[in-house]
Amino acid sequence: MAEVVKVIQMVEKLNLEVVTGSDKALNRLIKTADISRPGLELTGYFNYYSYDRLQLFGSKEITFAERMMPEERLMVMRRMCNDETPAFIVSRGLPIPKEMTDACEEFDIAILRSPISTSRLLGEMSAYLSSLLAPRTSVHGVLVDVYGLGVLIQGDSGIGKSETALELIKRGHRLIADDRVDVYQQDELTLVGEPPRILQHLIEIRGIGIIDVMNLFGASAVRGSMQVQLAVYLEGWSKEKTYDRLGSAATTIQIAEVDVPQIKIPVKTGRNVAIIVEVAAMNFRAKAMGYDATKTFEQRLSQLIEENSDS
């Protein structure tokens, strides 16, 4: 779980040009995914200046800075520099004002540059930093990519979660994480899961031990992260319990403040749970696309009752 990101990590990930910056400057820490576009600061308004954010300069900021007097420009650039400032970034491959270079070299802050547009660069940096800096929560279960749907398989210990995931992998689906899934909230409605680094590509099968899925089944059998869209809870079959047979008792569970649809599947000898999970994922996708087999059955049943009552 990353709590900070180094500037050099972002440089390598987003292929940014290092205009100036020592090794120490490139190892400065980025502690927030928020990014500042310092328009007001260039006018001298620093009341709410966020020193700890990346400072992104686009065409508007650079054009405004170029119209300032050199002495004023240097003064403003110096005021923007702080021990907590991660880096200055210039988009669209725009020229770097000399005063920005002087101020950043004085405070040992890196200046980075990208040829892409400001809005696109802002989006890429925000997405990258948000994925690394978002608070993580660990949940017990197995996360599998089934037909492009992130399915979190949960249940009591020994119920067969890992064995079910292994059967799904053999059927062509992909493993994201086994036993423990690190999840983070990408936005208000989106939950993303990934494996802890120590468990990446590994799965535990009782009686066999730890197996490396990537080594045995190939790179196509694993995936680094996946949106959690459906939770499947495996529970032991009980004669005393009544189970939903029509699929109308929809439930949700909350994980990291995001509501995730949940399906409960009773497990007993003879049931091929992997196929049931596979069909559950297909049915969930069909519902998301507007087709609900339960509603179709209810409509047919109502129609049949009406026909019999008329006759």
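Residues numbered from 1 in each chain as written. Predicted model: local features only at pLDDT ≥ 70, side-chain atom pairs only at ≥ 80, totals over all residues. Heavy atoms only, no water.

Stated precisely, the cut-off is as follows: UniProt positions are given in the numbering used here, feature names are shortened, and annotations may be inferred rather than shown by experiment.
Identification of the chain as HPr kinase/phosphorylase from Enterococcus dispar ATCC 51266 is taken from an unreviewed UniProt entry. Of the comments in the UniProt record for the chain, the one headed Subunit (unreviewed entry) reads "Homohexamer."

## Brief notes about a nonpolar patch on the surface
Worth spelling out the cut-off: Any residue with relative accessible area above 30% and no salt bridge may belong to a patch, with like charges joined within 9 Å and the nonpolar Val, Leu, Ile, Met, Phe, Trp and Tyr side chains within 5 Å. Per-residue and other accessible areas were derived by the Shrake-Rupley procedure at a 1.4 Å probe size, with only the shown protein chains allowed to occlude residues. One side-chain nitrogen of Lys or Arg within 4 Å of one carboxyl oxygen of Asp or Glu is enough to make a salt bridge. Only protein chains enter the calculation, and the probe is 1.4 Å; a residue is then buried if its accessible area is under 20% of its type maximum, exposed if over 50%, and partly exposed in between.
Judged by side-chain polarity, Tyr147, Ile275, Val279 and Met282 come together as a nonpolar surface patch covering roughly 360 Å² of accessible area. Assessed through its relative accessible area of 45%, Tyr147 is described here as partly exposed.

## What to know about the sheet that holds strand 12 (residues 180–187)
To keep things clear, this is the line we draw: Here, strands pair whenever DSSP counts at least two bridges between them. By the criteria applied, helices consist of DSSP H or I runs no shorter than four residues and strands consist of E runs no shorter than two, each listed in order from the N terminus.
The strand order across the open sheet formed by four strands is 8-12-13-16, and the pairing between neighbours is antiparallel. Every interior strand has two partners, whereas the edge strands, strand 8 (136–140) and strand 16 (226–227), have only one. Here five bridges tie strand 8 to strand 12, and the two strands are oriented antiparallel to one another. Of the residues in strand 12, the one forming a bridge with Ser138 is Asp182.

## Brief notes about the UniProt feature "binding site: ATP" (unreviewed entry) in the chain
Applied cut-off: The contact rule is simple, with two residues in contact once any of their heavy atoms fall within 4.5 Å.
According to UniProt, the feature "binding site: ATP" (unreviewed entry) maps to Gly155, Asp156, Ser157, Gly158, Ile159, Gly160, Lys161 and Ser162 in the numbering used here. Turning to its location among the elements, Asp156 is positioned in the loop between strand 10 (149–155) and helix 8 (161–170). Given the relative accessible area of 45%, Asp156 is considered partly exposed. Not counting the four nearest positions on each side in its chain, Asp156 is found in contact with Lys161, Tyr233 and Leu234. By the secondary structure assignment, Gly160 is in the loop between strand 10 and helix 8. The class of Gly160 is buried, set by a relative accessible area of 14%.

## Here we look at the packing of helix 8 against helix 10 (residues 273–288)
Stated precisely, the cut-off is as follows: Only the stretch in contact is used when a helix axis is fitted, and all axes are lines through C-alpha atoms; the angle between N-to-C directions ranges over 0 to 180 degrees. The labels follow the angle: roughly parallel below 35 degrees, roughly antiparallel above 145, roughly perpendicular from 65 to 115, and oblique for the rest. If you view the pair so one helix is near and one far, a crossing is left-handed when the near helix is turned anticlockwise from the far one by less than a right angle, and right-handed when it is turned clockwise. Classification used: nonpolar for Ala, Val, Leu, Ile, Met, Phe, Trp, Tyr, Cys and Pro, charged for Asp, Glu, Lys and Arg, polar for all others including Gly.
Where helix 8 meets helix 10, the closest approach of the two axes is 8 Å, and the angle between their N-to-C directions is 70°. In terms of their interaxial angle, helix 8 and helix 10 are classed as roughly perpendicular. The two elements helix 8 and helix 10 meet at a crossing, and its hand is right-handed. Contact residues: helix 8 offers Thr164, Glu167 and Leu168, while helix 10 offers Val273, Ala274, Val277 and Glu278. For the contact of helix 8 with helix 10, the class distribution of residues is four nonpolar, one polar and two charged.

## What about unusual backbone geometry?
Look at Arg92: it is not a glycine, yet its phi comes out positive at around 55°. Note that Arg92 resides in the loop between strand 6 (87–90) and helix 6 (98–107). Of note, the phi angle at Tyr147 is positive, near 55°, even though the residue is not glycine. Topologically, Tyr147 is positioned in the loop between strand 9 (142–146) and strand 10.

## Some thoughts on the packing of aromatic side chains
The condition is simple: Only the six-membered ring of Trp is used, alongside the rings of Phe and Tyr, when aromatic pairs are assigned; centres must lie within 6.5 Å, and planes under 30 degrees apart are stacked while those over 60 apart are edge-to-face, with the rest tilted.
As enumerated under the stated definition, the model contains four aromatic pairs in all. For the ring pair Phe46 and Tyr49, a centre distance of 5.3 Å and an interplane angle of 80° mean the geometry is edge-to-face. Measuring from centroid to centroid gives 4.6 Å for Tyr49 and Tyr51, while their planes differ by 75°, and the two rings are edge-to-face. A residue is classified by how much of its surface remains accessible, and Tyr51, at 32% relative accessible area, is partly exposed. Members of the aromatic cluster, connected to one another through ring pairs, are Phe46, Tyr49 and Tyr51.

## What to know about helix 10
As a reminder, the rule being used: Multiplying 1.5 Å by the residue count of a helix minus one yields the expected span of that helix. An arc is given here, and it is the one of the directions from the helix axis to the C-beta atoms.
The end-to-end C-alpha distance of helix 10, which contains 16 residues, comes to 22 Å, matching closely the 22 Å that a straight helix rising 1.5 Å per residue would cover. Here helix 10 has its buried residues at Val273, Ala274, Val277, Glu278, Ala280 and Ala281. The buried residues of helix 10 occupy an angular sector of 160° when projected down its axis, which confines them to one face. Its buried side turned inward, helix 10 meets strand 9, strand 10, helix 8, strand 17 (230–236) and strand 19 (258–267). Positioned one or two residues after helix 10, Gly290 has a phi angle of 105°, which is positive.

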